[in-house]
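Descriptive structure summary
Residue-level listing of the chains:
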Amino acid sequence: MRRRSPTVLVDDNFFEQLRRDEYDNLDKHQQVYLDYTGGNLCPRSLVFNHQRLLLENILGNPHSSNPTSQRSTYLIESARSKVLEFFNAQDYTCVFTPNASAALKIVGESYPFDETSTLLLLCDNHNSVNGIREFCSQRGGITKYFPVQLSGLAD
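First things first, this report covers the structure right here in the doc. (Residues numbered from 1 in each chain as written. Predicted model: local features only at pLDDT ≥ 70, side-chain atom pairs only at ≥ 80, totals over all residues. Heavy atoms only, no water.)

On a plain count of helices and strands, the protein chain comes out with 7 helices and 4 strands. Each helix and strand of the protein chain, placed in order from N terminus to C terminus, yields the pattern β-β-α-α-α-α-α-β-α-α-β. A buried classification covers 14% of the 155 residues belonging to the protein chain. Across the protein chain, contacts joining residues at least 24 apart in sequence account for 30% of those joining residues at least 6 apart. Just so you have it, the protein chain exposes about 12700 Å², and 55% of that area is on carbon and sulfur atoms. (Helix = DSSP H or I, 4+ residues; strand = E, 2+ residues; numbered from the N terminus. Buried < 20%, exposed > 50% of the residue type's maximum accessible area, 1.4 Å probe, protein only. Contact = heavy atoms within 4.5 Å. Areas by Shrake-Rupley, 256 points an atom, 1.4 Å probe, with all protein chains shown as cover.)

Pasting the structure below:
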């Protein structure tokens, strides 16, 4: 038995069933998928639920005011609210971006870098994180790199 949350125990069969129900393509194609960056395979139910949403609704540009646009706006705002609720972050704003690189670009563009700024980065960041240094530099700040020291992390 594994603990799924502080109060719910999950039987090992749960994961076997999850794999059969949501990720059966792994076995079908005799594949193993591991991604240390946090990427995930798309679960089968997500594809079918999204397909149903698109087929059963007429969704318009959320920046307009017609009924199809109002439906899109409702769905977006509902998703935004659920994200904030999940993270217990009601005092924050949820901004949807296409990916992490786009989110980091917004951070770089929005942060008030100036000539007194020092941006401290780990030496092994993803390029999207390293790209923030350009925003800092353009506003007169400097970037310093901090080495990753593996010794002592496991102590």
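Let's shift gears to a nonpolar patch on the surface. On the surface, a nonpolar cluster with roughly 360 Å² of combined accessible area is contributed by Leu120, Leu122, Phe146 and Val148. We classify Leu120 as exposed; its relative accessible area is 56%. (Patch = residues over 30% accessible without salt bridge, like charges linked within 9 Å, V, L, I, M, F, W, Y side chains within 5 Å. Salt bridge = Lys/Arg side-chain N within 4 Å of Asp/Glu carboxyl O.)

In terms of nonpolar packing, the biggest core is built from 6 residues, these being Phe113, Leu119, Leu121, Ile132, Phe135 and Cys136. Residue assignment for this core shows that the elements contributing at least two residues are β3 (118-122) and α7 (132-138). In terms of residue count, α7 provides more of this core than any other element does, 3 residues in total. For Leu119, the contacting residues outside a window of four places in its chain are Phe113, Ile132, Arg133, Cys136, Ile142, Thr143 and Lys144. (Core = buried A, V, L, I, M, F, W, Y, C linked by side-chain atoms within 4.5 Å.)

Scope: geometric values only; no functional claims are made or implied.
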